[in-house]
Amino acid sequence: VLSQATAKGLEEHLLALVLQRDELREYAEAVPPEHFLDTANRELFTAWREFPTLDEMSAAISSDLAETVDRLRSVSLPQSDLQKRIDEVTQCVRRLREHYLRHVLQLAEAALQEQELVLEVEEREKLRVQTLDPSDHLKKVFEAGTIGRK
């Protein structure tokens with residue numbers, strides 16, 4: 001599982017990529033905002049999706065978010081062609097989804113452990129089945145990423 005600091009770094013790397021290269025927009029804009037666990041990064045990503053240009057976005061966001069945009073736009077990214085950048089965005093999106101699903105699974109497992117103490121046997125089993133759903137999604141994301149790297 002990614003640490004919170006690593007997850008935030010991944011979120012910021014994806015944001016730096018899309019803020020610096022507008023041609024990457026289509027590869028990242030479908031990411032659900034809840035995949036960004038850091039509140040400020042989620043707000044920035046949501047604003048980025050909402051506005052077609054950085055100028056429009058910058059005029060509408062808070063000064064704190066504007067500072068973050070400036071910082072992320074000034075991050076030095078190694079020279080790379082468009083296809084490598086697309087692959088990089090795709091990998092970031094997959095890793096964000098994986099981290100989000102792991103986070104959801106951890107929360108569900110913690111809730112399940114709390115509820116098991118008070119639930120009847122039949123209710124416990126029903127809750128366990130519901131908890132497996134994020135786990136199945138995580139498995140599919142992991143398998144898709146593994147297959148793509150062979």
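Residues numbered from 1 in each chain as written. Predicted model: local features only at pLDDT ≥ 70, side-chain atom pairs only at ≥ 80, totals over all residues. Heavy atoms only, no water.

### Notes on the overall build of the protein chain
When its secondary structure is counted, the protein chain shows seven helices and zero strands. Starting at the N terminus, the α and β elements of the protein chain follow one another as α-α-α-α-α-α-α. For the protein chain, buried positions account for 33% of its 150 residues. Pairs at least 24 apart in sequence give 68% of the contacts found in the protein chain among residues at least 6 apart. A total accessible area of about 9400 Å² is found for the protein chain, and carbon and sulfur atoms account for 51% of it. (Helix = DSSP H or I, 4+ residues; strand = E, 2+ residues; numbered from the N terminus. Buried < 20%, exposed > 50% of the residue type's maximum accessible area, 1.4 Å probe, protein only. Contact = heavy atoms within 4.5 Å. Areas by Shrake-Rupley, 256 points an atom, 1.4 Å probe, with all protein chains shown as cover.)

### Digging into the environment of Leu44
Mapped onto the secondary structure, Leu44 falls in helix H3 (residues 39–50). Through-space distance from the C-alpha of Leu44 to that of Ala66 is 8.8 Å; in sequence the pair is 22 residues apart. Dropping the residues within four chain positions of it, Leu44 is found in contact with Leu15, Leu19, Met57, Leu65, Thr68, Val69 and Leu72.

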